[in-house]
Amino acid sequence: MNPEAIPVDIIIDTVSAVFMVVGALMSLAAAVGLLRFPDLLSRMHAATKPQVLGLFLLLASIGLQMRTLWVWPVLLVAWIFQLLTVPVSAHMVGRAGYRTKHLHRELLSSDELEAVVQKAAQTARDEASDAGRPD
């Protein structure tokens, strides 16, 4: 078969199908990780890492299937919003989970936040005791 005889539409459809399947599998992996992982921090990792890549692949697949240039900026903006919001929300959920003790400390390889939290708690106790003393 002559390589010039392959229509561009077949190549675009094939690439789009591969992106769609891989993106869907990444999203499925994120969902399975949310259900199967034992603690909050592991679940957050499963929800953020593969989901952003899966969404990128699905958006790229949509862009390829639409075959128009006007859709690409819209899809890019949607992906950028995901890139900006997913880490921030995961960070906030992780901090809240850490402070409310919803994690398994034995699963942490290192706990760099413990000293900061202890210092903040001590400062808060000192300020509360200073506020109770008459000057």
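Residues numbered from 1 in each chain as written. Predicted model: local features only at pLDDT ≥ 70, side-chain atom pairs only at ≥ 80, totals over all residues. Heavy atoms only, no water.

Undergrad: Teacher, can you tell me more about the overall build of the chain here?
TA: The helix and strand inventory of the chain stands at four helices and zero strands. Along the chain direction, N to C, the helices and strands of the chain fall in the order α-α-α-α. With respect to the principal axes defined by its C-alpha atoms, the chain has extents near 90 × 35 × 20 Å. Scored against the burial criterion, the 135 residues of the chain give a buried share of 19%. The long-range share in the chain, meaning contacts at least 24 apart out of those at least 6 apart in sequence, stands at 63%. (Helix = DSSP H or I, 4+ residues; strand = E, 2+ residues; numbered from the N terminus. Buried < 20%, exposed > 50% of the residue type's maximum accessible area, 1.4 Å probe, protein only. Contact = heavy atoms within 4.5 Å.)

Undergrad: Even after reading the chapter, I still don't get the pattern of salt bridges, so can you show me in this structure?
TA: A pair can form between side chains of opposite charge whenever their charged atoms are brought close. Evaluated as defined, the whole model comprises two salt bridges. As a salt-bridge pair, Asp-9 and Arg-67 come within 3.5 Å of each other at their nearest N and O atoms. Placement of Asp-9 in helix H1 (residues 8-36) and of Arg-67 in the loop between helix H2 (40-66) and helix H3 (71-99) is noted, with a sequence separation of 58 residues between them. Classification of Asp-9 by relative accessible area gives partly exposed; the value is 46%. We note a salt bridge from Asp-13 to Arg-67, for which the minimum N-O separation is 2.8 Å. Here the residue Asp-13 occupies a position in helix H1, and Arg-67 occupies one in the loop between H2 and H3, the gap between them amounting to 54 residues. Among the charged side chains, a salt-bridge network with shared partners connects Asp-9, Asp-13 and Arg-67. (Salt bridge = Lys/Arg side-chain N within 4 Å of Asp/Glu carboxyl O.)

Undergrad: Is there a simple way to explain unusual backbone geometry in this structure?
TA: Across residues other than glycine, the phi torsion is negative in most instances, and most of the peptide bonds are trans. With phi around 55°, Arg-67 is a residue other than glycine that occupies positive phi space. Since its relative accessible area comes to 39%, Arg-67 is described here as partly exposed.

Undergrad: In this structure, what is going on with the layout of surface pockets? I would like to understand it.
TA: Over the atoms rolls a probe the size of a water molecule, and in doing so it shows where empty space is left. The space that makes up the largest pocket amounts to roughly 220 Å³. Around the largest pocket sit Leu-41, Met-44, Ala-90, His-91, Gly-94, Arg-95, Tyr-98, Leu-108, Ser-110, Asp-111, Glu-112 and Leu-113, which together line it. Elements with a minimum of two residues in the lining of the largest pocket: H2 and H3. Here the residues of the lining of the largest pocket sort into six nonpolar, three polar and three charged. (1 Å grid on protein atoms, 1.4 Å probe; cavity = no way out; pocket = protein on both sides within 12 Å on 5 of 7 lines; lining within 4 Å. Points joined across faces, edges and corners; volume = space filled by probe spheres on them. Nonpolar A, V, L, I, M, F, W, Y, C, P; charged D, E, K, R; others polar.)

Undergrad: Is there a simple way to think about H2 in this case?
TA: The α-helix winds at 3.6 residues per turn, so residues separated by three or four positions along the chain end up facing the same way. In a regular helix each residue adds 1.5 Å, so 27 residues correspond to 39 Å; H2 covers 38 Å between its end C-alpha atoms and thus fits that length. Met-44, Ala-46, Thr-48, Pro-50, Val-52, Gly-54, Leu-57, Leu-59, Ala-60, Ser-61 and Gly-63 are the residues of H2 that are buried. Along its buried surface, H2 packs onto H1 and H3. Arg-67 sits one or two positions beyond H2 and adopts a positive phi of about 55°. (Expected span 1.5 Å × (residues − 1).)

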